[in-house]
Amino acid sequence: MIEFQGKVALVTGGTRGIGRACASILAECGARVAICGRTAETSQAAAAELAAATGGEVRGYGCDIASAEAVNAMVKAIEADLGPIAILVNNAGVTRDTLLMRMKDDDWNAVLNANLTGAFHCCRAVARGMLKERWGRIINISSIVGVRGQAGQANYAASKAGLIGFTKSLARELGSRGITVNAIAPGYIDTDMTAVLSDELKQAIVQQVPMGKVGAAQDIAAGVKYLASEGAAYVTGAVLHIDGGLAM
Ligand code: NDP
């Protein structure tokens, strides 16, 4: 499958979970893929595994996306190594769950800085190249929690709801230049992020899912592949729910 042949893709948080599945499907489809996690070692190790598994080109970069300087330096390095970025998947994210009355400033800031400000840093850094090419795909991984809210996740929900407004604003700003900007709102997906939930809570969530099961990282990657494709050229500002029906 050579759908993305020659196109350069950056997947933030591509070392594990959903981001890794997204990097894998893009590499399988011919893209030259860059992934980033917070450390260079982990990112390069994951990239080497992905390259071996897909037979594609995958490179790893250490970058904390909460830092604008670090993001700018990473994008410069990727452009020098692989070329201008055509597909950006803003996937990196963290949780620091606690109730409002116990939430420390640091819990709030850490989640907003990584999940929302990090996506802003990445979009700003790649937009110039996309505008020049008059082609680009930006896919922001939000969450159904950003649509519905979730007790104990005010910081996370605010970051994910913010991503949806950010997505729609950029879609309006960049649409006439051949750049689409969309969000995916995953439901409950089996990754390290959800592995920490108690069995009781997991069961309670699954009971609310019309499809009666948790999702896999590959379910989200399939949505990313679609939104990055030529077939989705007229789709922008959309929020694609991939959640087994949980949020309808
Ligand atoms: P994981 O915890 O499994 O992976 C998170 C990824 O983000 C890792 O690769 C991690 O890299 C990277 N990361 C975290 N913070 C930073 C940072 N500051 N800079 C760079 N990279 C960072 O999460 P999931 O795969 O489950 O989630 C991926 C995305 O999907 C997140 O945005 C999450 O909010 C969203 N989502 C997940 C759902 C789920 O049920 N799992 C549901 C809805 C949305 P490293 O540790 O190597 O630094």
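Residues numbered from 1 in each chain as written. Predicted model: local features only at pLDDT ≥ 70, side-chain atom pairs only at ≥ 80, totals over all residues. Heavy atoms only, no water.

Observations regarding the overall build of the protein chain
This is how it is decided: Secondary structure follows DSSP: runs of H or I at least 4 residues long count as helices, runs of E at least 2 residues long count as strands, and numbering of each begins at the N terminus. The globule rule is 2.2 Å times the number of residues to the power 0.38, and the radius of gyration it is compared with is taken over C-alpha atoms. Any residue under 20% of the maximum accessible area for its type is buried, any over 50% is exposed, and the rest in between are partly exposed; the area is computed with a 1.4 Å probe on protein chains only. Pairs of residues are marked as contacts when any of their non-hydrogen atoms sit within 4.5 Å. Computed with a 1.4 Å probe, the accessible areas rest on the Shrake-Rupley method; for each residue, only the protein chains presented here act as cover. His residues and chain termini do not enter the charge count, which takes Lys and Arg as positive and Asp and Glu as negative. A charged residue contributes its charge at one atom only: NZ of Lys, CZ of Arg, CG of Asp or CD of Glu.
Each helix and strand counted, the protein chain has 9 helices and 7 strands in total. By the compact-globule yardstick of 18 Å for 248 residues, the protein chain fits well, its C-alpha radius of gyration being 17 Å. Once the C-alpha set of the protein chain is aligned to its principal axes, its extents read approximately 45 × 40 × 35 Å. Taking all 248 residues of the protein chain together, 50% fall into the buried category. Put simply, of all contacts in the protein chain between residues at least 6 apart along the chain, 73% involve residues at least 24 apart. Total accessible area computed for the protein chain in this model is approximately 11600 Å², and 52% of it derives from carbon and sulfur atoms. The positive charge centre, built from 23 side chains, and the negative charge centre, built from 22, are 6 Å apart in the protein chain.

What to know about the site of the ligand
Put simply, the rule reads: The nearness test applies per residue and asks whether one of its heavy atoms lies within 4 Å of the molecule or strand. Throughout this description, a polar contact denotes any pair of N or O atoms lying within 3.5 Å of each other; where both atoms belong to protein, one of them has to be capable of donating a hydrogen while the other can accept it, and for residues adjacent in sequence the pair is counted only when both atoms sit in side chains. Residue type decides the class: Asp, Glu, Lys and Arg count as charged, Ala, Val, Leu, Ile, Met, Phe, Trp, Tyr, Cys and Pro as nonpolar, and the leftover types, Gly among them, as polar.
T15, R16, N91, Y156 and T191 are the nearest of the 28 residues found near the ligand. Between the ligand and T15, the relevant distance is 2.7 Å, taken from an oxygen atom to a side-chain nitrogen or oxygen of the residue. Contact between the ligand and K160: an oxygen atom at 2.8 Å from a side-chain N or O atom of the residue. A per-element tally of the shell around the ligand places helix 7 (residues 192–195) first, with 3 residues. Partitioned by chemical class, the residues of the shell around the ligand number 11 nonpolar, 12 polar and 5 charged.

A short note on the pairing of strand 5 (residues 136–141)
Threshold: For crossovers, right-handed means that the path from the first strand over the helix to the second runs clockwise, given strands pointing away from the viewer. Strands qualify as paired when DSSP identifies two bridges or more between them.
Judged by how many residues are buried, strand 5 sits mostly within the fold: 6 of 6 residues are covered. Handedness of the crossover joining strand 4 (residues 85–90) and strand 5 through helix 4 (residues 105–133) is recorded here as right-handed. Bridge count between strand 5 and strand 6 (residues 179–186): 6 bridges; the pairing is parallel. What sits directly across from N140, in strand 6, is A183.

Some thoughts on helix 1 (residues 17–28)
Structurally, the α-helix is built with 3.6 residues per turn, so residues lying three or four positions apart point the same way. The following threshold applies: To estimate how far a helix should extend, the number of its residues minus one is multiplied by 1.5 Å.
Helix length check: helix 1 (12 residues) gives 17 Å between terminal C-alpha atoms against 16 Å at 1.5 Å per residue, within 8%. Of all 12 residues in helix 1, 9 are buried, a share of seventy percent or more. Residues of helix 1 that are buried: I18, G19, A21, C22, A23, S24, I25, L26 and A27. The first or second residue beyond helix 1 is G30, which carries a positive phi of 95°.

Examining the sheet that holds strand 6
Heads up, the rule is: Inter-axis angles, ranging from 0 to 180 degrees, are taken between N-to-C directions of lines fitted to C-alpha atoms, where helices are fitted over the stretch in contact.
An order of 3-2-1-4-5-6-7 is seen for the 7 strands of this open sheet, with the pairing classed as parallel. In the strand order of this sheet, the two ends are held by strand 3 (57–62) and strand 7 (239–242), each with one partner. Between one strand and the next, the sheet's axes are offset by a mean angle of 20°, whatever the strand orientation. Note: strand 1 (residues 8–12) against strand 2 (residues 32–37), 5 bridges, orientation parallel. If you follow A9 over to strand 2, its bridge partner there is V33.

Observations concerning the environment of Q208
Looking at the element boundaries, Q208 is found in helix 8 (residues 199–208). With 136 residues separating them in the primary sequence, Q208 and N72 have C-alpha atoms 41 Å apart. Not counting the four nearest positions on each side in its chain, Q208 is found in contact with R148 and L246.

Regarding the packing of aromatic side chains
Stated formally: Two aromatic rings from Phe, Tyr or Trp, using only the six-membered ring of Trp, form a pair when their centres are within 6.5 Å; if the ring planes differ by under 30 degrees the pair is stacked, by over 60 it is edge-to-face, and anything between is tilted. Remark: a charge is flagged as sitting over a ring if the NZ atom of Lys or the CZ atom of Arg is within 6 Å of the ring centre and within 35 degrees of the ring normal.
Per the stated rule, a full pass over the model turns up 0 aromatic pairs. Positioned over the ring face of W135 is K7, at 4.4 Å from the centre of the ring.

Side note on the state of the cysteines
Stated formally: What counts as a disulfide here is a pair of cysteine sulfur atoms lying within 2.5 Å.
Scanning the entire structure with this criterion turns up 0 disulfides. Its sulfur unpaired, C29 is 12 Å from the next cysteine sulfur, which belongs to C22. Here C63 is not disulfide-linked; the sulfur of C36 is the nearest cysteine sulfur, at 5.0 Å.

A short note on unusual backbone geometry
The residue R134 is not glycine, and still its phi comes out positive at about 55°. Tracing the backbone through its elements, the reader meets R134 in the loop between helix 4 and strand 5.

Some details on the pairing of strand 1
Judged by how many residues are buried, strand 1 sits mostly within the fold: 5 of 5 residues are covered. Judged by which residues are buried, strand 1 turns out to be covered on both faces: V8, L10 and T12 on one side and A9 and V11 on the other are all buried. With 4 bridges joining them, strand 1 and strand 4 adopt parallel strand pairing. The residue of strand 4 that forms the bridge with L10 is L88.

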